[in-house]
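# Structural description and commentary
The chain contents come next:
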Amino acid sequence: MSPVERVEASLVLLYAASSLLVLFLLIPLVSLYLRLSPEAMARVFGSPVLASQVRDALATSLAASVASTLLLLVLGVPLAYVLARREFPGKGLVEAVVDLPFVMPHAVAGIMLLTAYGSRGLLGPLLQRAGLRIEDSFLGVVAVMAFVSAPLLVDTVKAGIASIDPMVEAVARTLGAGPVRAFLDVTLPMAWRHVAAGALLAWARGLSEVGALLVVAYYPKTLNILILEYLQVYGLPYAVAVSAAYAALAAAVFIALRRLLPP
Amino acid sequence: MIAVEGLELRLGGFTLRIDRLVIERGEYLVLLGPSGVGKTLLVLSIAGLMRPQRGRILIDGVDATRLPPERRGVALVPQSYALFPHMSVRDNIAYGLRLRGVPERERRERVRRIAELLGIAHLLDRRPSTLSGGEQQRVALARALVVKPRLLLLDEPLSSLDPASRANALQLLKKLHGELGFTALHVTHSLAEALYLADKVAYMEGGVLRCVCTPRGFLETRYARPYLEEHRLVEEALREDGG
């Protein structure tokens, strides 16, 4: 085999491996819509009871994921800035804590949240005195979503800020901007694509969470929990009907994300 | 007048120690020295971007050692120019004036004047990313000078320019200093820059100032030898070529 033929043979292998993975990922999406039964769709979305369940669950999913993303933006962007720009003792430990939810199995994350903020958890009594409760509450759904998606927002924004020449901010400071003004005028506009991408990733991650929600806040039901329930109670066609609608929403987020992500 | 007294800044294993450095009002001081000897650290300390462990920095008689950068009245042109990429050239130059609350009409006029002086009036509506290195350097200079700083800090401002642009930028800096009379601390590796621009040359090595003297006086010190060696090699090559 000549060198050129060897290169061509290895290209065939490369394309074959790539195609296999793409197909592995694509086929479930296609099959979801192939299995979509108009009859089940009509039963779910035509029934006032089931349709309102789906509507309520979707509203909970959207509201909680947006609230958790806003919370993460307010608290996570400053943290990302500190991690990108400052050196301090224990920084590695803080970074590990931020990334912890990445490696935690979802059910374990739920148990951790219960032991920390549940009514019988470490800070439960304190939260209860403030009238806050995470078990089976909207707050619990937000807390779970924020917990599992925090690393996505913080790490994405951190990478964005770290990629900006620190001298740009330094020059703004010498020209008369205080630290907050320099951040708002210079760093944030320069990092906005990363902030937007981080927020979208965090939102999508929150939206997709189910494991920790089963532990902490089964109610109010999110759409994921409702799909699981339909699967167990009514069978696959009903679960497919709701999943197909949800998958379309997820795909829309994905497309928006691809457009916003830095090149 | 800018005075640095008994300054000590430790960073990792490196220590910057400046017993005394004075830059008189209107003076152009060029700071020479090899890489990694603390020149940029000194610039950042004066700008308030690094906090020294000891010593004082006096700016026009005021102890600025503990003042944040925004209250020191110094302006910085870093090696990368650090233009704001999301703003037009006009907004880049006007940024410091806007922060000082200069009314818009006066702001526009001052931006126009400095842009004309630096030959960049035709670039005001452009974005920094569309400019050449020489143009970016002039925008960075305009942005720093328009606020009439007490001290202009230039950290290797010509090092990323091609030879032709460098020669132009040298002449421009000399002309600007002549016309505006600002006080400057200019960090460089280039003896040519030092000899052409400086009222006074300072030489740094190992985090310590070795000498502060006139450009001519510097040529007579042993610290000038490595720089002169390069010139000697050029002359030697020219002689060989001629012979």
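Here the structure is a predicted model, which is why all the values come from computation and not from measurement.

## A short note on the overall build of chain B
When its secondary structure is counted, chain B shows eight helices and ten strands. Taken along the three principal axes of its C-alpha coordinates, chain B extends 60 × 50 × 30 Å. Taken across its 243 residues, chain B has 51% of its residues classed as buried. Within chain B, residue pairs in contact and separated by at least 24 positions form 68% of the contacts whose partners lie at least 6 positions apart. Accessible area for chain B stands at about 11300 Å²; split by element, carbon and sulfur atoms hold 48% of it. Averaged over its 36 positive side-chain charges, chain B has a centre that lies 7 Å from the centre of its 29 negative ones.

## Here we look at the nonpolar core
Grouped together as the largest cluster of nonpolar side chains are 93 residues, with contacts concentrated most on B:Leu42, B:Ile93, B:Leu141, B:Leu152 and B:Phe218. Among all residues touching B:Phe218, those that are not within four sequence positions of it are B:Leu32, B:Leu191, B:Val201, B:Tyr203, B:Cys211, B:Cys213, B:Tyr223, B:Ala224 and B:Tyr227. Formed by 19 residues, the second largest nonpolar core is a distinct cluster that contains A:Leu72, A:Val154, A:Val157 and A:Ala199.

## A short note on the state of the cysteines
All names here are of chain B. All chains considered together, the criterion is met by zero disulfides over all chains. Sulfur of cysteine 211: no disulfide; nearest cysteine sulfur belongs to cysteine 213 and is 3.9 Å away. Given the relative accessible area of 14%, cysteine 211 is considered buried. Residue cysteine 213 is classed as buried on the basis of its relative accessible area of 15%.

## Details of the pairing of strand β10 (residues 208–213) of chain B
Residue and element names in this part refer to chain B. Note: strand β9 (residues 200–205) against β10, five bridges, orientation antiparallel. Along β10, the bridge assignment pairs glutamate 205 with valine 208. Hairpin remark: β9 followed by β10, antiparallel, with two residues in the connecting loop; positive phi at glycine 206, about 55°.

## As for the packing of aromatic side chains
This model, assessed by the stated rule, comprises ten aromatic pairs over all chains. Taking 5.3 Å as the distance between ring centres and 80° as the angle between the ring planes, the aromatic pair formed by A:Tyr81 and A:Phe183 counts as edge-to-face. Of the two residues, A:Tyr81 is situated in helix α3 (residues 48–85) and A:Phe183 in helix α9 (residues 179–208); the sequence distance between them amounts to 102 residues. On the basis of relative accessible area, A:Tyr81 is assigned to the buried category, the value being 13%. Seen from their ring centres, A:Tyr218 and A:Tyr219 are 5.0 Å apart, and the 65° between their planes marks the pair as edge-to-face. Its relative accessible area of 23% is what places A:Tyr218 among the partly exposed residues. Judged by its relative accessible area of 43%, A:Tyr219 is partly exposed. The structure contains a cluster of three or more aromatic residues connected by ring pairs, namely B:Tyr203, B:Phe218, B:Tyr223 and B:Tyr227. One Lys or Arg, B:Arg143, reaches over the ring of B:Phe84 and ends 4.6 Å from the middle of that ring. Across from the ring centre of B:Tyr196, 4.9 Å away, lies the NZ or CZ of B:Lys174, which sits over that ring.

## As for the confidence of the model for chain B
Residues with a pLDDT of 70 or more make up 100% of chain B, whose mean pLDDT is 93. Predicted confidence in chain B is weakest over helix α8 (residues 225–242) of chain B, with a mean pLDDT of 84, and strongest over helix α2 (residues 89–99) of chain B, with 97.

## Focus: the interface of chain A and chain B
At the junction of the two partners, chain A supplies 19 residues and chain B supplies 24 residues. At the boundary of chain A and chain B, one finds one salt bridge. For the salt bridge of A:Arg173 with B:Glu70, the shortest nitrogen-to-oxygen distance reads 2.6 Å. Where chain A touches chain B, the interface holds five residue pairs in polar contact (both at pLDDT 80 or more). Elements represented by at least two residues in the side of chain A that touches chain B include exactly α8 (166–174) and α9 of chain A. Along the lines of polarity and charge, the residues of the side of chain A that touches chain B split into twelve nonpolar, three polar and four charged.

## Re unusual backbone geometry
Cis geometry marks the peptide bond from A:Tyr219 to A:Pro220; its omega dihedral reads -10°. For B:Glu156, which is not a glycine, the phi torsion comes out positive at approximately 45°. With respect to the helices and strands, the residue B:Glu156 is situated in the loop between β7 (151–155) and α5 (163–180).

## Observations regarding the domain arrangement of chain B
All names here are of chain B. Per the domain assignment, the segments of chain B are domain 1 (25–51 + 62–73 + 149–243) and domain 2 (83–148). Between the C-alpha centres of domain 1 and domain 2 there is a distance of 24 Å. Contact between domain 1 and domain 2 buries roughly 1000 Å² in total, counting both sides, with carbon and sulfur atoms accounting for 78%. Considering only the side of domain 1, the residues that lose the most area to domain 2 are Pro149, Leu172 and Leu176, jointly responsible for 43% of the buried surface there. Linking domain 1 to domain 2 there are zero salt bridges.

## So, the side chain of A:Glu135
Residue and element names in this part refer to chain A. Tracing the backbone shows glutamate 135 in the loop between α6 (124–129) and α7 (138–162). Buried and unpaired, glutamate 135 has arginine 133 as its nearest opposite-charge partner, separated by 4.3 Å. Among the polar contacts listed, one links the side chain of glutamate 135 to the side chain of serine 119, at a separation of 2.8 Å.

## Considerations on the domain arrangement of chain A
You can read the domains of chain A as domain 1 (1–34) and domain 2 (41–260). The distance between the C-alpha centroids of domain 1 of chain A and domain 2 of chain A comes to 34 Å.

## Remarks on the pattern of salt bridges
As a working rule, side chains carrying opposite charge can pair if their charged atoms are close by. Residue and element names in this part refer to chain B. Per the counting criterion, the structure on display carries 26 salt bridges over all chains. Aspartate 125 is the partner of arginine 90 in a salt bridge, and the nearest nitrogen-oxygen pair spans 3.0 Å. With a gap of 35 residues between them, arginine 90 in helix α2 and aspartate 125 in the loop between α3 (104–117) and α4 (133–145) connect regions that are remote in the sequence. For aspartate 125, a relative accessible area of 64% puts it in the exposed group. Three or more residues are tied together by salt bridges with common partners; here these are Glu8, Arg10, Arg17 and Arg54.

## Quick notes on α2(B)
Residues of α2(B) that are buried: B:Val89, B:Asn92, B:Ile93, B:Ala94, B:Tyr95, B:Gly96 and B:Leu97. Considering only its buried residues, α2(B) is in contact with α8 and α9 of chain A together with α3 and α4 of chain B. Among the residues trailing α2(B), B:Gly101 stands out with phi positive, at a value near 75°.

Cut-offs and rules
- Residues numbered from 1 in each chain as written.
- Chains lettered and ligands numbered in written order.
- Predicted model: local features only at pLDDT ≥ 70, side-chain atom pairs only at ≥ 80, totals over all residues.
- Heavy atoms only, no water.
- Helix = DSSP H or I, 4+ residues; strand = E, 2+ residues; numbered from the N terminus.
- Buried < 20%, exposed > 50% of the residue type's maximum accessible area, 1.4 Å probe, protein only.
- Contact = heavy atoms within 4.5 Å.
- Areas by Shrake-Rupley, 256 points an atom, 1.4 Å probe, with all protein chains shown as cover.
- Lys, Arg positive; Asp, Glu negative; His and termini not counted.
- Charge placed at Lys NZ, Arg CZ, Asp CG, Glu CD.
- Core = buried A, V, L, I, M, F, W, Y, C linked by side-chain atoms within 4.5 Å.
- Disulfide = S-S within 2.5 Å.
- Pairing = 2+ DSSP bridges.
- Phe/Tyr/Trp six-rings, centres within 6.5 Å; stacked < 30°, edge-to-face > 60°.
- Lys NZ or Arg CZ within 6 Å of the ring centre and 35° of its normal.
- pLDDT = per-residue confidence, 0-100.
- Salt bridge = Lys/Arg side-chain N within 4 Å of Asp/Glu carboxyl O.
- Polar contact = N/O pair within 3.5 Å; in protein donor to acceptor, adjacent residues only side chain to side chain.
- Nonpolar A, V, L, I, M, F, W, Y, C, P; charged D, E, K, R; others polar.
- Domains from an automatic or database assignment.
- Buried area = accessible area lost by both parts, 1.4 Å probe.

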